[in-house]
Structures are given as structure tokens and as C-alpha cells.
Amino acid sequence: MKKIFVLSLAVSLFAASTAFAEPVKHAQCYTADELTTLDKENVAGGKGTLHGEFAFTRDNALDDDAIKEIGFMTLKHGDFIGTHEHADNEDAYLILKGTGIFTDGLGNAWIVKPGDMTIARPGQAHGLANLYKDDLVFLDIIAKNSGSDLEEIKANQTPQLFPAEKLFDKNVEHAGGTGEGTLYGKFAFRREQATDNQAIKEIGLMTLKPGDSIGLHKHADNEDTYIIISGEGLFTDSNGNEYIVGPQSVTIAVAGESHALKNTGKEDLIFIDLIAKNHK
């Protein structure tokens with residue numbers, strides 16, 4: 001059963017100052033029943049309840065962590081996150097279910113649907129609204145940009161919306177060096193395109209066919225999270241521990257840690273792969 005810390009704004013503020021007061025090292029795997037529920041009201045001047053189920057939040061992240069927060073978020077019909085600017089972090093919304101209206105820092109608004117990816121870099125603003133009947137469900141991933149030249153980033157604004165139909169394909173054989181089969185990827189952008197002062201380097205929607213795998217490999221100076229959307233797999237961490245992962249499982253390897261992933265089910269294993277680096 002998921003842990004429930006808050007049911008109202010008042011309780012939310014109390015929980016933020018107690019349950020998440022002490023920074024802790026990320027675990028490498030969080031299964032769906034280990035996520036923490038946290039609801040926020042009228043976010044960034046918006047309206048209604050933003051329901052979140054988090055692997056971890058920025059309140060208990062370490063200073064050295066690049067990826068500060070990962071949550072599965074839900075907006076009900078008529079609710080919205082107000083348009084707000086990011087000063088020194090980066091925030092990606094990845095749409096999983098439903099239909100929403102995404103607003104960027106220039107006042108542009110787009111209809112967003114499953115598979116669409118968005119990001120706000122430092123100096124950019126964004127907002128998200130659900131004006132439709134069904135719940136709007138999306139991933140929210142925040143990365144810290146602690147030592148970059150933020151003024152340079154702000155002066156060189158990058159795209160904020162990456163529609164599903166415009167994601168580009170890049171497939172990898174024997175991923176991780178010892179993996180089996182093909183890792184299929186559809187990317188908003190890859191690390192080869194990222195500038196040195198961007199924290200989030202890569203976002204991709206990945207697929208492993210039944211029996212295929214990513215081999216065990218170490219991350220030297222970046223962080224890599226696998227967030228399972230559908231299917232079933234086996235995740236291996238740095239210590240050789242194995243975990244059965246399925247929808248809403250969140251895994252992460254920080255600098256110096258290793259990880260591997262195999263599709264052990266009968267259906268495709270589909271997951272988000274996001275790579276980030278903390279610049280100091």
C-alpha cells in the first residue's frame with residue numbers, strides 16, 4: 001500500500017518539514033508500492049490539486065544529486081499548474097495519459113498528448129492545464145543546475161516542446177556492452193546534442209523486446225534513471241541485487257553506480273530513460 005503523507009495543503013507543508021527534512025542517498029530501485037503520495041494545492045498560482053506519487057523529492061535530495069525529484073503526477077479535469085519560471089533547475093513533463101494544454105515561457109500554448117515531452121531550462125517558464133474529461137497523467141523530473149553559467153543558458157533558449165510524432169529514432173545493439181538484442185529508442189534529444197551547461201542531457205522513450213536486455217554498466221560522471229511505463233523486467237543494481245520491476249517502478253544509477261535491465265515478460269518493456277549531470 002502506498003504511503004500517504006498528506007491530504008491537504010496544511011498537512012503537506014508539515015510533511016515537507018518532517019518526513020523529507022533529512023537528505024538521503026537515493027536507493028537504486030523504487031517499486032510502485034514504495035512510492036510516496038504527496039498532494040499540492042494551487043501549484044504556482046494554479047488551481048486545484050496536483051496529485052503526486054514520488055520515488056523521491058527535492059526536499060530530501062543530496063547537494064551532489066543531479067536528478068532531484070521524480071514523480072508520477074495527475075491533474076483532474078479543470079485543474080492546472082500556473083505558468084512559472086525556473087531559476088536554477090530544469091523540469092521535464094512527460095505526458096503518459098490524457099490530454100492537456102502546455103504553456104511555454106513565450107506565451108505559446110499547445111495541446112499535449114501521450115508521448116509528448118516538454119522541458120523548462122533555467123530562465124524558461126512553463127505551465128500545464130487539464131481542460132479535458134479524463135485525468136492528465138505525466139512524469140515530472142527535476143534536475144539541478146548548481147554551477148552552470150545560468151546567464152548563458154537564459155540567453156540561449158532551447159525548444160520546450162517535443163511532440164511524440166517528432167521524436168527521432170536511435171536504436172542500439174547490445175546496449176551496455178553486454179546486452180542482448182536491440183534497445184529501441186525515440187528521443188526528444190540526446191547527450192551528443194546537449195551543451196556542457198545543461199543538466200538534463202538526454203530524454204528517450206525506450207523499448208526492450210521480450211528476452212532483450214541492457215548489460216550491466218557503470219556511470220562515471222552522470223546519472224541515469226529508468227522509469228517503467230509498461231511491461232515487466234528484471235533490474236540489477238551495483239551490488240548485484242535483482243528487483244522485479246513493472247509500471248511505475250523507478251530506478252536510478254548515480255555517478256559510480258552500475259545498473260542493468262532485462263525484459264523478462266511476454267510484452268514489450270517500455271520505459272523512459274533520462275540522463276542528467278550536475279555541473280559544479
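Structure shown above.
Owing to the predicted nature of the structure, the values given are computational and were not obtained by experimental measurement.

A. Geometry of the overall build of the protein. In terms of regular secondary structure, the protein is built from two helices and 24 strands. The 280 residues of the protein split such that 52% are buried. Considering only intrachain contacts with a sequence separation of at least 6, the fraction spanning at least 24 residues in the protein is 71%. Entry remark: accessible area of the protein is about 12,400 Å², with carbon and sulfur atoms responsible for 53%.

B. How the structure looks around the side chain of Asp116. Considering the arrangement of structural elements, one finds Asp116 in the loop between β9 (109–112) and β10 (117–120). Here Asp116 is buried and forms no salt bridge, its nearest opposite-charge partner Lys113 lying at an N-O distance of 7.9 Å. There is a polar contact of 2.8 Å between the side chain of Asp116 and the backbone nitrogen of Lys113. Sequence-distant contacts of Asp116, defined by excluding residues within four places in its chain, comprise Tyr93, Leu94, Ile95, Ile111, Phe162, Pro163, Ala164 and Glu165.

C. Quick peek at the sheet that holds strand β8 (residues 100–104). Spatial strand order, β6-β11-β8-β9: four strands in an open sheet with antiparallel pairing. Strands with a single pairing partner mark the edges of an open sheet, and in this sheet they are β6 (80–85) and β9. Direction aside, the axes of adjacent strands within the sheet are offset by 15 degrees on average. Pairing geometry for β6 and strand β11 (residues 125–129), over four bridges, is antiparallel. Of the residues in β11, the one forming a bridge with Ile81 is Leu128.

D. Quick look at the environment of Gly185. Residue placement: Gly185 occurs in strand β16 (residues 182–189). For Gly185, a relative accessible area of 3% corresponds to the buried category.

E. A look at the nonpolar core. Formed by 29 residues in total, the largest nonpolar core has its most connected members in Ile67, Ile70, Leu94, Met117, Ile200, Ile203 and Ile227. Leave out the neighbours within four places in its chain, and Leu94 touches Asp116, Met117, Thr118, Phe138, Leu139, Ile141, Ile203 and Ile272.

Rules used in this analysis
Residues numbered from 1 in each chain as written. Predicted model: local features only at pLDDT ≥ 70, side-chain atom pairs only at ≥ 80, totals over all residues. Heavy atoms only, no water. Helix = DSSP H or I, 4+ residues; strand = E, 2+ residues; numbered from the N terminus. Buried < 20%, exposed > 50% of the residue type's maximum accessible area, 1.4 Å probe, protein only. Contact = heavy atoms within 4.5 Å. Areas by Shrake-Rupley, 256 points an atom, 1.4 Å probe, with all protein chains shown as cover. Lys, Arg positive; Asp, Glu negative; His and termini not counted. Salt bridge = Lys/Arg side-chain N within 4 Å of Asp/Glu carboxyl O. Polar contact = N/O pair within 3.5 Å; in protein donor to acceptor, adjacent residues only side chain to side chain. Pairing = 2+ DSSP bridges. Axes fitted to C-alpha atoms, helices over the stretch in contact; angles between N-to-C directions. Core = buried A, V, L, I, M, F, W, Y, C linked by side-chain atoms within 4.5 Å.

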